[in-house]
Every structure is written in structure tokens, then in C-alpha cells.
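Residue strings, one per chain:
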Amino acid sequence: MRNHRVPPDNELLDNLSANLRELARSGVIRQYEKATLVLTEGEPGDSLYVVLAGSVKVFSTDNTGREIDYNTIFSGDYFGEMSLDGGPRSASVMTREKCTFAVVTRNAVAKHLAKQPGFAMELVTQVIGRARKATETARSMALVDVYGRVIDALESMRPPGKGDTPVVIRPVTHLDIATRVGSSREMVSRTLKELERDGYLELGVKRVTLLKKLPMRD
């Protein structure tokens, strides 16, 4: 892992909103290889991570080692904001590919909020949205069948702004999706093959190409 300050003209900042760009400039760049554990659930934390390149998965594990994936976060977004109150990390985060982050301390975030109070509403909206998503994930695990959970998981992996246009999701495996939806790999594979047969997606090696909006069962 390498660290260095974020230069003002760093091209990796171009994909960020104006407020987030200014926040990232106050951080330190860290680069992580694929499949690196960045944050561990339950550990103390006081930094926010702005994703400049790559993507990460957010997940939890129980005492048996069973893993549940909550979300995928792409470049242009951030994570770690749930621990800015000084509490423990609410979930673990692992890189899905080689990633570059701007790591911003709690004090730097506070200074940014003082200078840019509009960012406070962005931050609150982000926290509320992710709390709502966590609630929806728990509800889905309890009430929605495997087919519906697979559809929800795939649609949540679609990068923001892509709408219904074809998009390639990688790296992702049938086991990754099974872990995310709390089902067996075999059940997920059957669902994916059914969707491929009906022309909604195309399967490849560690990738899924979403061809159009995925259907819910009647």
C-alpha cells in the first residue's frame, strides 16, 4: 500500500462532485490491490474513504464465517462515513479490483463541513440512503425469494447513471452473488442461466453483462 498527498490537479478527481473533490484534496491517496480488506466490521475508525478508482464491496460476516454482501461502491462515491461519530465500523469493506482512495480524517471532514455546509446535507442524505438500503436488504432476506434477491442484487451493481443501457459488471462470480443474496451457488446459477436464456443478460468468466432492465416475476 502506498500513501501520498492528493495533488490539486490529480485527474482522478475529475469524476467527483465539486464538494467531494474539495474534500478529497484534504486527504491522503492510498492504493490497494484487488481482494484487500480495507475496513473491518467492529473496529474503531475515524476516516472517510473517497473512491477515486476501482470498486469495493461492503459486507458482514457472522461467527460461523457466513458472509452477507450489502452493497458495491464505485469510483466517484465514498464509504466509512458511518464511523465519523467515533463508533466502530458498521461493516467490512474489501476491494473488488485494484483501487485508489483519498483517505480523509474525521478532523478534515469537520473542517470541510465548516467551510462547505451544503456538504452536510449530502452526507446526511448518504447516511439515510445507506441505512434504508440496509433495511431493504434485511427485509429482502426475510421476505423475498431467491429470484427476486438475485434481480435486486444485479440491479444494485449497475453503476449510477447507466439507466437501462447495457453494462458489464466485473469482477463478479456466481458465488459472489450467492453470498450477497444469502443463497446457494447452484440456485443462483440456475436463476442467471434462466435470465440469459430469456435475453436479459449474458454470462462470461467473472462477469455479467446486463443487456436490459431485469424483470421481476409476476
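The structure this text deals with has already been given above.
Our subject in this report is the structure included herewith. (Residues numbered from 1 in each chain as written. Predicted model: local features only at pLDDT ≥ 70, side-chain atom pairs only at ≥ 80, totals over all residues. Heavy atoms only, no water.)

Overview of the environment of Leu113
Heads up, the condition is: The helix and strand labels rest on DSSP assignments: H or I over at least four residues marks a helix, E over at least two residues marks a strand, and numbering proceeds from the N terminus. The rule is simple: take the accessible area with a 1.4 Å probe, protein chains only, and divide by the maximum for that residue type; under 20% is buried, over 50% is exposed, in between is partly exposed.
With respect to the helices and strands, the residue Leu113 is situated in helix 2 (residues 106-115). For Leu113, a relative accessible area of 26% corresponds to the partly exposed category. C-alpha separation for the pair Leu113 and Leu123, spaced 10 residues apart in sequence, amounts to 9.5 Å.

Examining helix 2
To be explicit about the condition: By arc we mean the arc of the directions from the helix axis to the C-beta atoms, nothing more.
Every buried residue belonging to helix 2 is among Ala108, Val109 and His112, and all of these are buried. Buried residues along helix 2 cover an arc of 100° about the axis, so they all sit on one side. Counted as exposed and oriented over 90 degrees from the buried face of helix 2: Asn107, Lys111 and Ala114.

Structural notes on the pattern of salt bridges
The test is simple: The salt bridge criterion pairs a side-chain nitrogen of Lys or Arg with a carboxyl oxygen of Asp or Glu, the two atoms within 4 Å.
Scanning all chains against the criterion turns up 6 salt bridges. Between Glu155 and Arg158 there is a salt bridge, with its nearest N and O atoms 3.0 Å apart. Relative accessible area serves as the criterion here: at 22%, Glu155 is assigned to the partly exposed category. Using a relative accessible area of 9% as the deciding quantity, one classes Arg158 as buried. Through salt bridges with shared partners, a single network forms among Asp77, Glu81 and Arg130.

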